[in-house]
Amino acid sequence: MKIKPIKHFLLAAAAVGILAGLAGCGEKKSDPAAPQQTKIAMVVKSLGNGFFDAAHTGAKEAASQIGGVEVIYTGPTTPSAEGQIEIINSLISQKVDAIVVSANDPNALVPITRKAMQRGIKVISFDSGIAQGGRQMQLNPSNAELIGEKQIQMAAKELGGKGELAILSASAQATNQNIWIGVMKKTLEKPEYKDLKLVATVYGDDQSDKSYREAIGLLRSHPNLKAIIAPTTVGIVAASKAVADEGLVGKVFVTGLGLPSEMAGHVKSGAVREFAIWNPIDLGYAATYAAHQFVTGKAKAEPGASVSVGRLGSVTMDANGEAALGPPFTYNAENVEQFAKLF
């Protein structure tokens, strides 16, 4: 915060005194009964991530539709729990009404988000969740089983059901990534995938340069590798570039979760034939709308509770305080350009 010079401060104080002396001389008084603007902060994993930029667009749409809502969009410059903790602590001081967060670590944020809830701030995690004790609700973009299975299905399709594959994830602590990877490993145990072999799981920490280096490492360490699954929008772009730079387009296929706007070129190059993602605009919209429902007391943090998410209908909370939107959608050469114009 910028501190004003003493001279300016004294001038401002004098001005306040003069204005106070003019009270009643035609000035417009504020109405104490007028509704105050609701402040909802969206804390993302890191700034500059296209997925979260799209989620911010959805958040602003929800705020505009509801009315009287200010969205504060923020996050650390690099994805870390420490960075998010510092930001959330600042938001508590600002006395925001709700915090919507995609967590870099499910457990590390719990003490600070508990502090927020003790101060009356509603906490909703979305995308990557906070452990149950640290939020009112976790809004999953889709069902974890469907997301994990979908990525194995896409890889199997590209490889004809046979060959080596590897996973390039975000951070080793990312809640959603770890759940999906667990589902992927379980799916690979099914008889129909017996000829697929997972040879490595590496982590790029959702940083473009590190993800690229990890992808290059996979390609050089595993000469028989046929596919890389990246369940992260940063990782799938990095892996696609690595495959192209290594001259392996058509020999190693990349799939996973990506944004159409970032993946259209890689689909065109052939490094990627198909990938999946839910609509991050809808996710940001739903999380913000749900947060407002909790702020206004229209939603309760209890199993079986129905929470309105505006134009998307409603979601139902389970015993773990989690709810989910729809299944992931497949993008390929036939539709990626169309959606690339949106997000």
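Conventions and cut-offs
Residues numbered from 1 in each chain as written. Predicted model: local features only at pLDDT ≥ 70, side-chain atom pairs only at ≥ 80, totals over all residues. Heavy atoms only, no water. Helix = DSSP H or I, 4+ residues; strand = E, 2+ residues; numbered from the N terminus. Buried < 20%, exposed > 50% of the residue type's maximum accessible area, 1.4 Å probe, protein only. Pairing = 2+ DSSP bridges. Right-handed = clockwise from strand over helix to strand, strands pointing away. Phe/Tyr/Trp six-rings, centres within 6.5 Å; stacked < 30°, edge-to-face > 60°. Lys NZ or Arg CZ within 6 Å of the ring centre and 35° of its normal. Axes fitted to C-alpha atoms, helices over the stretch in contact; angles between N-to-C directions. Contact = heavy atoms within 4.5 Å.

(A) Here's a closer look at unusual backbone geometry. Notably, Asp 127 is not glycine yet its phi reads approximately 65 degrees, a positive angle. Summarising the element assignment, Asp 127 is placed in the loop between β4 (122–126) and β5 (137–140). Unlike most non-glycine residues, Asp 205 shows phi in positive territory, near 55 degrees. Inspection of the secondary structure assignment puts Asp 205 in the loop between β7 (196–203) and α7 (208–221).

(B) Region of the structure containing the pairing of β4. Most of β4 is tucked away, with 4 of its 5 residues classed as buried. In this sheet, β4 lies alongside strand β3 (residues 98–101) in parallel orientation, the contact comprising 4 bridges. By the bridge assignment for β4, Ile 99 is matched with Val 123. Following the backbone out of β3, through helix α4 (residues 110–118) and into the adjacent parallel β4, one traces a crossover that is right-handed. One ladder, built from 3 bridges, connects β4 with β5; its direction is parallel. Bridging from a neighbouring strand, Phe 126 pairs with Leu 139 of β5.

(C) A look at the packing of aromatic side chains. In this structure the tally under the stated criterion is 9 aromatic pairs. Ring centres 5.3 Å apart and planes at 20 degrees place the aromatic pair Phe 275 and Tyr 331 in the stacked group. Within this pair, whereas Phe 275 is found in strand β10 (residues 274–277), its partner Tyr 331 is found in strand β14 (residues 329–332), the two being separated by 56 residues in sequence. Taken together, the ring pairs in this structure connect Phe 275, Phe 329, Tyr 331, Phe 339 and Phe 343 into an aromatic cluster. Its guanidinium or amino end placed over the ring of Tyr 285, Arg 311 lies 4.3 Å from that ring's centre, counting from NZ or CZ.

(D) Examining the sheet that holds strand β1 (residues 38–43) more closely. Judged by pairing direction, the sheet is parallel, and its 6 strands sit side by side in the order β2-β1-β3-β4-β5-β13 without closing on themselves. Only two strands of the sheet have a single partner each, and these edge strands are β2 (69–74) and β13 (322–324). With strand direction ignored, the average angle separating the axes of adjacent strands in the sheet is 20 degrees. In this fold helix α3 (residues 81–94) packs onto β1, β2 and β3, with an angle of close to 175 degrees to the strand it touches most, β1.

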